[in-house]
Amino acid sequence: GIAVRKDTELAVKLYQAAALQENETGIMRLANAYRTGVGIAKDELEAKRLFAKAADLGSIEAAYNYAVFKLQGSEEPEEQKEAFDLALSAAEGGLLRAQHMVGVLYAEGVGTESNAVQAYRWLSKSAEAGNTDAVGLVSRLKGYMSPDDLQLGELLKRIPTPLPGSPKPKPS
């Protein structure tokens, strides 16, 4: 911080205390510490467990991170489906990285049936938010889609995220 010495080990102790109180932000930050190895020994299994716990408590950021963990190296259809569902919940909650991921998963048919219209919907949302990778993917998708599918994709991308009545993204 400003005019304060950074103490990552103390930060981890505070995250651990918050995690014991079921504090979602503390759990997320502790998971990130384990994932990166900053302030504590790197432990990807513990990071994955903590991301799952924070996702269960409603963190869309944790749901996204847990989805990433589930997809890494997994060829199991059930794991891929769970990862897709987690990413979709984060995308519907308004998390831009998750919207991009869901678009790619729809395009590639990972964890769900391949669906160009849904891929277009989510990648277009990501592109409109400034994701340059998504811009190129949307351009390529357009080349494969019928005019009717493009029109449907345009309509679907107008559905607001987060969806009205859905939990608001929580800072993590």
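In case you missed it, the structure is sitting above this.
The structure displayed is predicted, hence computed values, not measured ones.

A few words now on the layout of surface pockets. In this structure, the largest pocket encloses a volume near 160 Å³. In terms of lining residues, the largest pocket is bounded by Lys6, Asp7, Thr8, Ala11, Val12, Tyr15, Ala33, Thr36, Val38 and Gly39. Breaking the lining of the largest pocket down by element, the ones donating at least two residues are helix H1 (8–20) and helix H2 (24–36). A per-element tally of the lining of the largest pocket places H1 first, with 4 residues. Of the residues belonging to the lining of the largest pocket, the class tally is 5 nonpolar, 3 polar and 2 charged.

Glancing now at helix H9 (residues 147–157). Every buried residue of H9 is accounted for by Gly153, Leu156 and Lys157. Angular distribution of buried residues about the axis of H9 spans 95°; they occupy a single face of the element. Residues of H9 that are exposed and angled more than 90 degrees away from the buried face: Pro147, Asp148 and Gln151. Where H9 is buried, its residues contact helix H7 (116–128).

What counts and how
- Here the residue numbers are simple positions, counted from 1 along each chain's written sequence.
- Given that the model is predicted, a residue must reach a pLDDT of at least 70 before its local features are reported, and side-chain atom pairs must reach 80 or more before they are shown or counted; all residues, however, enter totals for whole chains, interfaces and linings.
- Only hydrogens and water are set aside when side-chain values are computed; all heavy atoms of the structure are taken into account.
- Cavity: a set of points on a 1 Å grid over the protein atoms alone where a 1.4 Å probe fits but cannot get out. Pocket: an open set with protein on both sides within 12 Å along at least five of seven lines, its lining residues, like those of a cavity, having an atom within 4 Å of a point.
- Grid points are joined across faces, edges and corners, and a volume is the space filled by probe spheres set on the points.
- Secondary structure follows DSSP: runs of H or I at least 4 residues long count as helices, runs of E at least 2 residues long count as strands, and numbering of each begins at the N terminus.
- Just so you know the grouping, Ala, Val, Leu, Ile, Met, Phe, Trp, Tyr, Cys and Pro go in nonpolar, Asp, Glu, Lys and Arg go in charged, and all remaining residues, Gly too, go in polar.
- Throughout, exposure labels follow a simple rule: accessible area from a 1.4 Å probe, protein chains only, divided by the maximum for the residue type, with under 20% read as buried, over 50% as exposed, and the rest as partly exposed.
- Summarising the geometry, the arc corresponds to the directions from the helix axis toward the C-beta atoms.
- A contact between two residues is defined here by any heavy atoms of the two lying within 4.5 Å.

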